[in-house]
Amino acid sequence: MSLPKLQRLWLCEAVRLREEHAGLLEDSEANRRAQVAGGDLATRIEHRALHLAERDGQVQAQRHWLQGARLALLLLGLLVLASGAGLAVAALGDGQTPVNVFWALGSLLGLHILMLLGWVLGLLFGGGHGAVLGRLWLWLSEKLARDASALHTGPALVLLLRRQRLNRWLVGMAVHGLWLVALTTALVMLLALLSTRRYGFVWETTLLGGNTFVALTQALGALPGLLGFPVPDAATIRASGDSPLPLEAARHAWAGWLIGVLMIYGLLPRLLLGLVCLWRWRTGTARLTLDLSQPGYDLLRDRLQPNSERLGICDAEPAQLHRVQPAAGVAASDGALLVAIELDDRRPWPPALPKSVADAGIIDSREQRRQLLDQLTRFPPARLAIACDPRRSPDRGSLALLAELARSAGETRIWLLQPPQGETLDSERLGDWHKALDDLQLVHRGSSPLTWLETGHD
């Protein structure tokens with residue numbers, strides 16, 4: 001399973017959180033595959049987590065969460081599109097009354113500046129993850145995922161990113177991107193309104209003098225003026241304090257000043273900060289690693305890098321065994337193999353086999369089990385038949401072994417052997433076998449599967 005680095009580490013954290021709440025999962029097969037893959041502890045933890053996540057549906061839950069995140073971003077994008085258009089309409093009005101330039105400027109940039117200051121203060125003092133739009137996006141992502149398996153998906157991502165201080169940059173990209181969309185929409189709507197309607201511009205005050213507005217207008221227009229945007233001269237500014245000037249040049253100057261201020265103090269900061277967040281996000285995710293000091297990871301050291309193998313069943317019995325799904329790529333494998341599990345000495349074995357079918361013998365010990373599973377992990381057969389004695393009870397260990405073997409082959413058949421001559425099968429025990437194998441979704445037969453092993457057809 002090939003996933004980007006961030007998604008792999010995210011799944012590791014999701015599995016860790018799940019085990020932190022529910023206890024260690026049944027992971028014998030996952031541990032074995034991780035040991036066969038080799039590498040350092042972090043690499044083995046990653047292999048183990050990916051296997052468990054694929055087996056238990058957390059990979060699919062992650063995909064659902066990402067789909068929810070994209071849909072939430074789309075919905076917020078539509079919301080800010082409407083908001084941006086509303087900002088421009090509120091700033092200019094219907095054209096029947098003069099436009100108060102500073103009220104218009106406050107309508108266009110007031111909330112943006114307040115939110116921008118809040119983001120900067122949060123970045124400096126609060127970790128940068130408290131932006132309202134950012135929190136709304138993460139909340140919507142969780143709600144739109146609609147997957148019960150995604151319970152730990154969102155929190156795992158937040159914890160992983162917060163530990164590396166990357167959450168601020170992810171949320172920052174979303175926040176600045178959404179504000180960029182809103183302000184761009186406001187600019188486009190502003191240009192459309194100014195192009196199709198005639199507006200007069202005034203400024204009004206009771207407490208402040210005209211010189212204050214002259215200085216403020218020219219100060220705000222200094223940077224846009226460097227880029228070629230018009231700035232009203234002092235005479236035009238003073239004259240506009242009484243009534244809107246009928247001169248076309250005055251209207252053009254005020255309109256150009258308003259557009260320039262919106263671009264320089266609105267769009268430009270959001271664009272630059274969004275690019276900074278993108279740069280920090282990419283450099284941060286490139287250096288992202290598992291924090292092996294976290295609770296749960298240290299407990300896996302003995303499981304994934306054992307000095308010696310423990311015998312016996314150490315884990316609590318799971319609520320149910322996991323259904324069998326062949327590993328990716330196994331279907332393209334070749335060869336046929338017959339193996340038997342815990343047969344007594346009175347039964348002659350193996351039967352006469354076609355040349356194309358290999359015999360893996362009888363598995364009686366843990367060492368034989370480990371060797372065969374390691375072999376199948378490296379060289380999975382296309383067809384595997386497993387012979388079982390239905391006179392024995394289908395205990396948890398045997399069923400877990402059947403599931404592990406089946407996941408290492410393209411197709412698997414369980415051969416429930418007939419009893420020796422003179423003996424009969426316990427119908428209730430046979431029913432237990434059928435139920436257990438059906439729960440695992442393993443195909444089982446009471447007849448010989450040798451023809452199927454040789455040809456692939458019953």
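None of these values were measured; they are calculated from a predicted model.

Draft legend 1. Broad picture of the overall build of the protein. In terms of regular secondary structure, the protein is built from 17 helices and 7 strands. Summed over all atoms, the accessible surface of the protein reaches about 23,500 Å², with 57% contributed by carbon and sulfur.

Draft legend 2. The arrangement of the UniProt feature "transmembrane region" (unreviewed entry) in the protein in detail. With numbering matched to this structure, UniProt assigns "transmembrane region" (unreviewed entry) to residues 71-93, 113-138, 169-194 and 254-279. Taken as a whole, residues 71-93 contains 96% helix and 0% strand, while its terminal C-alpha atoms sit 33 Å from one another. For residues 169-194, the end-to-end C-alpha separation is 36 Å, with 100% helix and 0% strand making up the annotated structure.

Draft legend 3. Main features of unusual backbone geometry. Here Trp-349 and Pro-350 are connected by a cis peptide whose omega angle stands at 0°. Even without being glycine, Arg-165 reaches a positive phi, approximately 60°. With respect to the helices, strands and loops of the structure, Arg-165 is situated in the loop between helix H7 (153-163) and helix H8 (167-196). Here Glu-342, not a glycine, exhibits a phi torsion of approximately 50°, which is positive. Tracing the backbone shows Glu-342 in the loop between strand S3 (336-341) and strand S4 (357-363).

Draft legend 4. Layout of the packing of aromatic side chains. One pass over the full model with this rule turns up 5 aromatic pairs. Both rings, one in Trp-254 and one in Trp-257, keep their centres 5.6 Å apart while their planes meet at 85°; by these two values the pair is edge-to-face. Of this pair, Trp-254 and Trp-257 both sit in helix H12 (residues 248-286), separated by 3 residues, roughly a single helical turn. The same class applies to Trp-254 as to Trp-257, namely buried. An aromatic cluster is built from Phe-102, Phe-213, Trp-254 and Trp-257, whose rings are joined through pairwise contacts.

Draft legend 5. Spatial organisation of the side chain of His-51. By secondary structure assignment, the location of His-51 is in helix H3 (residues 41-56). On the basis of relative accessible area, His-51 is assigned to the buried category, the value being 17%.

Draft legend 6. Quick peek at the environment of Thr-153. Note on placement: Thr-153 falls in helix H7. In contact with Thr-153, not counting residues within four places along its chain, are Trp-10, Ala-61, Gln-62 and Trp-65.

Draft legend 7. Main features of H7. Buried within H7 we find Thr-153, Gly-154, Ala-156, Leu-157, Leu-160 and Leu-161. Buried residues in H7, looked at end-on, bunch into an arc of 165°, giving them a common side. Arg-165 occupies a position one or two residues after H7 and carries a positive phi of about 60°.

Draft legend 8. Broad picture of the side chain of Thr-185. Within the element layout of this structure, Thr-185 appears in helix H8. If near-sequence neighbours (up to four positions away) are discounted, Thr-185 is found in contact with Leu-81, Gly-84 and Ala-85.

Draft legend 9. Representation of the pattern of salt bridges in the model. Taken as a whole and judged by the stated rule, the model has 12 salt bridges. A salt bridge links Arg-48 to Glu-19; its shortest N-O distance comes to 2.6 Å. Of the two residues, Arg-48 sits in helix H3 while Glu-19 sits in helix H1 (residues 5-22), which places them 29 residues apart along the sequence. Note on accessibility: Arg-48 and Glu-19 belong to one class, buried. Among the ionic contacts, a cluster of salt bridges with common partners joins Glu-13, Arg-16 and Arg-163.

Draft legend 10. Representation of the confidence of the model for the protein within the structure. Looking at the protein as a whole, its pLDDT mean stands at 82, while 89% of the residues score no less than 70. pLDDT under 50 marks residues 308-319. Its contacts with residues more than four places away, or in other chains, come to 14 contacts. Contacts for the low-pLDDT stretch residues 327-332, under 50 throughout, to residues beyond four places or in other chains number 9 contacts.

Draft legend 11. Just helix H14 (residues 366-378), in detail. Taking 1.5 Å as the rise per residue, H14 with 13 residues should run 18 Å; its terminal C-alpha atoms sit 19 Å apart, in good agreement. Among the residues of H14, those classed as buried are Leu-372, Leu-373, Asp-374 and Leu-376. Contacts from the buried residues of H14 go to helix H2 (28-37), S3, S4 and helix H15 (396-407).

Draft legend 12. Quick peek at the sheet that holds strand S7 (residues 443-445). With respect to topology, 5 strands assemble into an open sheet ordered S4-S3-S5-S6-S7, the strand pairing being parallel. The sheet is open, and its two borders are formed by S4 and S7, each paired with just one other strand. Strand after strand, the sheet turns through a mean of 20° between neighbouring axes, direction not considered. Taken together, the 6 bridges between strand S5 (residues 383-388) and strand S6 (residues 411-416) define a ladder with parallel strand orientation. Pairing of Arg-383 across the sheet is with Glu-411, part of S6. Strands in contact with H15 are S3, S4, S5 and S6; relative to S5, the strand with the most contacts, it is inclined by about 165°. Here helix H16 (residues 427-439) sits on the sheet in contact with S5, S6 and S7, set at roughly 175° to S6.

Draft legend 13. Layout of a nonpolar patch on the surface. A cluster of nonpolar side chains, contributed by Leu-71, Leu-74, Leu-75, Leu-78, Leu-81 and Val-181, occupies part of the molecular surface with about 490 Å² of accessible area. A total of 5 residues in the nonpolar patch trace back to one element, the largest contributor, which is helix H4 (residues 58-92). Assignment of secondary structure puts Leu-71 in helix H4. Leu-71 sits in the partly exposed class, given a relative accessible area of 37%.

Thresholds, definitions, all that
In this convention, every chain numbers its residues from 1, walking through the sequence in written order. A pLDDT threshold of at least 70 governs which residues receive local features in this predicted model, and a stricter bar of 80 or more applies before side-chain atom pairs are shown or counted, although totals over entire chains, interfaces and linings include all residues. Hydrogens and water are ignored here; the side-chain numbers use all heavy atoms of the structure. Each helix corresponds to a stretch of at least 4 residues labelled H or I by DSSP, and each strand to a stretch of at least 2 residues labelled E; elements are numbered beginning at the N terminus. Here the Shrake-Rupley method, with its probe set to 1.4 Å, supplies the accessible areas, and only the displayed protein chains count as covering residues. UniProt positions are given in the numbering used here, feature names are shortened, and annotations may be inferred rather than shown by experiment. Between the rings of Phe, Tyr and Trp (Trp by its six-membered ring), a pair exists once the centres lie within 6.5 Å; its type follows the angle of the planes, with under 30 degrees stacked, over 60 edge-to-face, and the other angles tilted. The buried label goes to any residue with under 20% of its type's maximum accessible area, the exposed label to any with over 50%, and the partly exposed label to all in between, with areas taken from a 1.4 Å probe on protein chains only. Note on contacts: a residue pair qualifies if any of its non-hydrogen atoms lie within 4.5 Å across the two residues. What the arc covers is the set of directions going from the helix axis to the C-beta atoms. Salt bridge criterion: a side-chain nitrogen from Lys or Arg within 4 Å of a carboxyl oxygen from Asp or Glu. The predictor attaches a confidence to each residue, called pLDDT, with possible values from 0 through 100. By this rule, a helix spans an expected 1.5 Å times one less than how many residues it contains. In this scheme, strands are said to pair when DSSP sees at least two bridges between them. To define axes, lines are fitted to C-alpha atoms, for helices over the stretch in contact only, and angles between the resulting N-to-C directions are given on a 0 to 180 degree scale. Residues enter patches when their relative accessible area tops 30% and they take part in no salt bridge; the joining distance is 9 Å for like charges and 5 Å for the nonpolar side chains Val, Leu, Ile, Met, Phe, Trp and Tyr.

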